[in-house]
Amino acid sequence: MNPTQEIRISDPTLRDGNHAIGHQLSAENIAAYCKAADAAGVPIVEVGHGNGLGASSLQLGEAKTPDHIALATARENMNRSKLGIHVIPGFATIERDLKPALALGVDVVRVASHCSEADICERHIGFSRNEGAEVWGCLMMSHMISPSMLLEQARKLESYGAEGVVFMDSSGHFMPEDVRVRVDTLVNGLGIAVGFHGHNNLGLAIANSVAAADAGATLIDGCARGFGAGAGNTQLEVLVAVFERLKYSTGIDFYKMLDAADLAEQTLMKEIPTIKSVSVVSGMAGVFSGFMKPVTRIAKEFDVDPRDIFFELGRRKIVAGQEDIILEVAKQLAQQPKKGNP
Amino acid sequence: MKQECQERTRHDCMRVLEGRDNALEPLRKSELVVIGGTGFVGTWIAEMVAALNDAYDFGIKLTLISRSADQFANRLPHLANRSDISLIKSDVRQLGQFPANADWVIHAAANPDVRTHASNPLDTASVIVDGTMSVMRTAERLGRLQKLLYLSSGLVCGAQSVTANGIAENEQGAPVPDASFMYPNAKRFAETLCSAARAQSRTPVLVARPFSFIGPYQSLDTPWAQTTFLSDALRGHQIRVKGDGQVVRSYLYGSDAAYWFLRILTAGEVGDVVNVGSPTGITLQDLAKEVAKNFEPSPEIMFNTAPRSTGRSAKLLPDTTHAQNVYGLTVFTPLEEAIKLTALWHRLQNN
């Protein structure tokens, strides 16, 4: 641990949290939370559909608040905090989505791909960088490749112009040692900053984030009350407290962060994220946390055990965007005798 | 290209040639071919040849071979339309049409864009390795060939040790054998191919190892420090330095580099290896400050994504003792002036 280290917090409550409520955050929700996060001095607040800019659709879920209203609202209500967006090329196109978003005052663009597909990020990173935005590359589902392969992909993002790389534990699968090894590999192999985004399926999001900081990551993601996909994300107000105890500096006002988290609980979420049984299974199986709702629904439909679906999806290495496979797996399982433990 | 920009690049060449043209006498009335001739280096060599022919009556016939010959002709008609410069559109790996009477050949074909190296490492290797093989086979058929200069890379010796002032040509290191380092590994193997062609076919080949350059004709779209800083400043953005700004690099101006290459080509001994670059290092923090000086209002400089430690080589400088002692080559355009000239050229070109 380096007690003098400054940790920059990026808060995707208003983006990852959207997953938990079917992308139904309203402009009022966004305005209120942005004000509170800004007052607390949260460095970056990420806003948008759960799958990022331009992702509102029938397949992924239609957002209640269109991107341009969400971003304009957030911008109006933040003075100190930077406005961030999550961009998955394909869902977000440069002309239709990215250009207008930057014109609305987005400061930080985080261009994301599946961990082994960094190539798709080149144009979006280049465009955002040329427009003067701060650009990070994000590698999702990073448990699916080895640390050395993660470094290869991260180097691609660096070569495209990313100013930092965040690796995402999208299914909450990592143990702290897994995180430490990956941060260590990235810090020693890149010339740019390293960040970590945790999920809490196995109850380790805080521990994993601390491991990341200890190993040299300088940007950590966290959501108020852990509001995010599946079992939720790293719980931000707790993370700020833990970092304060560990003497890491986040620059965030602790009381005001607690106030923002209280506000988030009261106004943003129907229920506080908890680690449901099926989330534990999703974390163990290494399947994207956002699959929880469709898996639960389809399992009920086919009268199969959702845990079996998760383990089979994990065995097949299914990733976000392949939701149609859930149906196929459920169908197959329905034709087989019921299973016990994996 | 704008007239004023043409005049500026011509002036850059004339400034370098003043009192030094004699050293390039072997080029007089000869035929020079540059493969990969429409990139930064090839364009500056074309500018230098045009200056030698116009001002010193050298009578050099220059052929530029490139996959991007059409774009070059559209972009730079003041060079492409000259009667002493010919263009051939060809991939280096399939050199069908080649001037049979070439006296001198410079092989500069490779894509230096780090984004391509990262996304297409196999294609990067193919252009360099298969391309060099193709050039060596072609060279065997050239009856008048005096010398062939291969442009390798300053990265072929791997990372510079922390204590060294610069990487010398006889440095024993090597790049990591990993896809992320395909470009220097392929360049290193291409140097071996040159050596093999010399041993097997008596091809009169020598090697130059370019380090970092700066100047007009360098695309500001490439994510290198010098181009990114200039691009940021020209767009009126803050200049953002990746990391803590303590990485050290050096930069040689385009017209200086062109002269160095022609000098090494004509004066070099077959088999020689020569570093091409500036030995004077600058931190990226100071580079950003130098760039900022040329703009009004002066752009803010940010170090907002500093990592705890940097894994990338903190220093990459050439040891140019050999170039200086054997070829009399020094930096003609100091970096401060190089940045000023580059910023002005881009500003004129964009207005």
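Residues numbered from 1 in each chain as written. Chains lettered and ligands numbered in written order. Predicted model: local features only at pLDDT ≥ 70, side-chain atom pairs only at ≥ 80, totals over all residues.

Topic: the overall build of chain A
- Tallying secondary structure elements over chain A gives 14 helices and eight strands in all.
- Scaling as 2.2 N^0.38, a compact globule of 342 residues should have a C-alpha radius of gyration of about 20 Å, and chain A matches this with 19 Å.
- Expressed as lengths along the three principal axes of its C-alpha atoms, the size of chain A is roughly 60 × 40 × 40 Å.
- Across the 342 residues that make up chain A, the buried fraction comes to 61%.
- Put simply, 79% of the contacts in chain A that link residues at least 6 apart link residues at least 24 apart. (Helix = DSSP H or I, 4+ residues; strand = E, 2+ residues; numbered from the N terminus. Rg over C-alpha atoms; globule rule 2.2 N^0.38 Å. Buried ≥ 20, exposed ≤ 12 C-beta atoms within 10 Å, placed from the backbone. Contact = placed C-beta atoms within 7 Å.)

Structural notes on the sheet that holds strand β6 (residues 164-168) of chain A
Residues and elements named next belong to chain A.
- Taken together, eight strands build a closed barrel; the order of strands is β1-β2-β3-β4-β5-β6-β7-β8 and the barrel is parallel. On average, each strand axis in the sheet is inclined to that of its neighbour by 25°, with strand direction left out of account.
- As paired elements, strand β4 (residues 108-114) and strand β5 (residues 134-140) share seven bridges and run parallel to each other. In the sheet register, S113 faces β5, and the bridge partner there is L139. (Pairing = 2+ DSSP bridges. Axes fitted to C-alpha atoms, helices over the stretch in contact; angles between N-to-C directions.)

Description of the environment of A139 of chain B
Residue and element names in this part refer to chain B.
- Mapped onto the fold, A139 is located in helix α6 (residues 121-139).
- On the neighbour-count criterion, A139 (21 C-beta atoms within 10 Å) is buried.
- For the pair A139 and P204, spaced 65 residues apart in the sequence, the C-alpha separation amounts to 8.9 Å.
- Once residues within four sequence positions are removed from consideration, A139 is found in contact with V105, L145, L148, A197 and T203.

Some details on the domain arrangement of chain A
Residue and element names in this part refer to chain A.
- Along its sequence, chain A is organised into domain 1 (8-267) and domain 2 (277-334).
- Across the contact, 16 residues belong to domain 1 and twelve residues belong to domain 2.
- Residue composition of the side of domain 1 that touches domain 2, by class: five nonpolar, eleven polar and no charged. (Domains from an automatic or database assignment. Nonpolar A, V, L, I, M, F, W, Y, C, P; charged D, E, K, R; others polar.)

Some remarks on unusual backbone geometry
- In this structure, P297 of chain B follows E296 of chain B across a cis peptide bond, with omega equal to 0°.
- Looking at where P297 of chain B falls in the secondary structure, it is placed in the loop between α10 (284-293) and β13 (301-302).
- For D303 of chain A, which is not glycine, the phi torsion reads 55° and is therefore positive.
- Tracing the chain through its elements places D303 of chain A in the loop between α12 (292-302) and α13 (306-315).
- The exposed category is assigned to D303 of chain A, around which 10 C-beta atoms lie within 10 Å.
- Even without glycine at this site, K29 of chain B takes up a positive phi of about 55°.

Some points on the packing of α13 of chain A against helix α14 (residues 324-334) of chain A
All names here are of chain A.
- Contact geometry of α13 with α14 gives a least axis separation of 10 Å together with a crossing angle of 120°. Classified by the angle their axes make, α13 and α14 are oblique. Crossing geometry of α13 relative to α14 is assigned as right-handed. Seen from α13, the contacting residues are D308, I309, E312 and L313; seen from α14, they are I325, I326, V329, A330 and L333. (Parallel < 35°, antiparallel > 145°, perpendicular 65-115°, else oblique. Left-handed = near helix turned anticlockwise from the far one by under 90°.)

Comments concerning helix α1 (residues 3-17) of chain B
Residue and element names in this part refer to chain B.
- Helix length check: α1 (15 residues) gives 21 Å between terminal C-alpha atoms against 21 Å at 1.5 Å per residue, within 8%.
- Looking at the buried residues of α1, the elements they touch are α2 (40-56), α9 (254-267) and α12 (335-350).
- G19 sits one or two residues past α1 and shows a positive phi near 80°. (Expected span 1.5 Å × (residues − 1).)

So, α2 of chain B
Residue and element names in this part refer to chain B.
- The terminal C-alpha atoms of α2, which comprises 17 residues, lie 23 Å apart, in line with the 24 Å expected from a rise of 1.5 Å per residue.
- The buried fraction of α2 is high, at 14 of 17 residues.
- Count one or two residues on from α2 and you reach D57, which has phi positive near 55°.

Some thoughts on the nonpolar core
Residues and elements named next belong to chain A.
- By size, the foremost hydrophobic cluster in this structure holds 113 residues, and its most contacted members are V45, L139, V165 and I309.
- Residue contributions to this core peak at seven residues, all from helix α8 (residues 205-215).
- Here this core gathers at least three residues from each of two domains, domain 1 (8-267) and domain 2 (277-334).
- Sequence-distant contacts of L139, that is, excluding residues within four places in its chain, are made with S113, C115, A118, L150, Q153, A154, V165, F167 and M168. (Core = buried A, V, L, I, M, F, W, Y, C linked by C-beta atoms within 7 Å.)

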